[in-house]
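# Examination of the molecular architecture
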Amino acid sequence: MPAYNEARHIINNLLEVVETLDSFEYDYEVIVVDDGSTDMTYLEAAKVLSTHPELIRVVHYEKNRGKGNALICGATFAKGEYVVFLDADMDLHPYQLPVFFAIMDSENADVVIGSKRHPLSAVNYPLKRRIYSAIYYTIIRLLFGLPVKDTQTGLKVFKREVLDRVFPRVLVKRFAFDIEVLANAHHLGYKIVDAPVTLEFQRGAFGRIKAGDAYKIFLDTLAIFYRMHILKYYDSIPHTSREELRAESAAREVEHVR
């Protein structure tokens, strides 16, 4: 669960996640990664450690480095065979996870990603964002041939092996992070399928994305294409262990806070 300035909601959201996952009888852990919040999100999250020490872990670093960096960092701490990306703001509720795992099993997929454009999705998000998402989808479909219609929805499930191979290749740590991860997974031959989601969008038209960020996303996307198909950069990346990636993140796990 990557989190940035979620101190007001993080305790309630964590408890809701635990209650939901308990009801599924999953063997799980929840890892909150504070992406350099200015409101000390990690200290609020750490208050839950006293009541759920076996289920919740809290990790943080001082400087904001982007959601992608937080996800890479969290995955290096994760112990399970599957890794779920779940946004801390809970726009996408974890009660939807059994559908994702069912699709993963039935489709023999390596990655299942939530899609706002899936015909069975129930979404409530602004028209302007729908239009921009459709344009961006067309661009990445042309550039990378990804077999999905939406790459930016925050709820995703990966087999552990996929992330171990993909994350050492990832350079983008902010808004085009999802594209670089999924394009590399597809390039390596992993099967990616989409799943329907129920989404209650709680932020403005573009969430945390500002007007100038769209241009940066476009440039980063072109750079990913250039590295993949012109430079063949990703094909030359040596294996990097989780421990090495964790060390690069300079993240620390938090102990119980009263």
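Structure's up top.
As a starting point, this report considers the structure included with it.

What counts, and at which threshold
Residues numbered from 1 in each chain as written. Predicted model: local features only at pLDDT ≥ 70, side-chain atom pairs only at ≥ 80, totals over all residues. Heavy atoms only, no water. Helix = DSSP H or I, 4+ residues; strand = E, 2+ residues; numbered from the N terminus. Rg over C-alpha atoms; globule rule 2.2 N^0.38 Å. Contact = heavy atoms within 4.5 Å. Areas by Shrake-Rupley, 256 points an atom, 1.4 Å probe, with all protein chains shown as cover. Lys, Arg positive; Asp, Glu negative; His and termini not counted. Charge placed at Lys NZ, Arg CZ, Asp CG, Glu CD. Pairing = 2+ DSSP bridges. Axes fitted to C-alpha atoms, helices over the stretch in contact; angles between N-to-C directions. Left-handed = near helix turned anticlockwise from the far one by under 90°. Core = buried A, V, L, I, M, F, W, Y, C linked by side-chain atoms within 4.5 Å. Buried < 20%, exposed > 50% of the residue type's maximum accessible area, 1.4 Å probe, protein only. Expected span 1.5 Å × (residues − 1). Arc of directions from axis to C-beta.

What follows covers the overall build of the protein. The helix and strand tally for the protein stands at 9 helices and 10 strands. Relative to its length of 258 residues, the protein is compact, with a C-alpha radius of gyration of 17 Å against a globular reference of 18 Å. Dimensions of the protein along its principal axes, counting C-alpha atoms only, are 50 × 40 × 40 Å. Long-range pairs, those at least 24 residues apart, make up 82% of the contacts in the protein with a sequence separation of at least 6. For the protein, the exposed area adds up to about 12700 Å²; of that, 53% sits on carbon and sulfur atoms. Counting 32 positive and 35 negative side-chain charges, the protein places the centres of these two groups 7 Å from one another.

To continue, consider the sheet that holds strand E7 (residues 156-159). One open sheet holds the 4 strands; their spatial order is E4-E7-E5-E8, and the pairing between them is mixed. Of all the strands in the sheet, the pair left with one neighbour each is strand E4 (82-85) and strand E8 (192-196). Across the sheet, the mean angle separating the axes of adjacent strands is 20° when strand polarity is ignored. As defined by bridge partners, E4 adjoins E7 across 4 bridges and the pair is classed as antiparallel.

Let us now look at the packing of helix H5 (residues 127-144) against helix H7 (residues 177-187). Remark: H5 packs on H7, axes separated minimally by 12 Å, with the N-to-C direction vectors making an angle of 35°. In terms of crossing hand, the pair formed by H5 and H7 is right-handed. Of the residues in H7, those in contact with Tyr-136, Ile-140 and Phe-144 of H5 are Ile-179, Ala-183 and His-186.

Here we come to the nonpolar core. Membership of the largest hydrophobic core comes to 43 residues, with the highest contact counts inside it found for Phe-85, Phe-144, Phe-158, Phe-167, Phe-177 and Ile-192. In this structure, Ala-3, Leu-21, Phe-100 and Ala-195 belong to the second largest nonpolar core, which totals 37 residues.

Further remarks concern helix H1 (residues 10-23). Taking 1.5 Å per residue, 14 residues should reach 20 Å; H1 reaches 20 Å between its end C-alpha atoms and fits that length. For H1, the full list of buried residues reads Ile-10, Asn-13, Leu-14, Val-17, Val-18, Thr-20 and Leu-21. The buried side chains of H1 occupy one side of the element, clustering within an arc of 165° when seen end-on. In H1, the exposed residues that point more than 90 degrees away from the buried face are Asn-12, Glu-19 and Ser-23. Against strand E1 (2-3), strand E2 (30-35), helix H2 (41-46), strand E3 (56-61) and helix H4 (97-107) lie the buried residues of H1. Glu-25 sits one or two positions beyond H1 and adopts a positive phi of about 60°.

Moving on, we come to the sheet that holds E2. Spatial strand order, E1-E2-E3-E10: 4 strands in an open sheet with mixed pairing. This sheet does not close on itself; its edge strands, each paired only once, are E1 and strand E10 (252-254). Here E3 pairs with E10 via 3 bridges, running antiparallel. Bridge pairing in E10 links His-60 to Arg-252.

Purely geometric stuff here, so don't read any function into it on its own.
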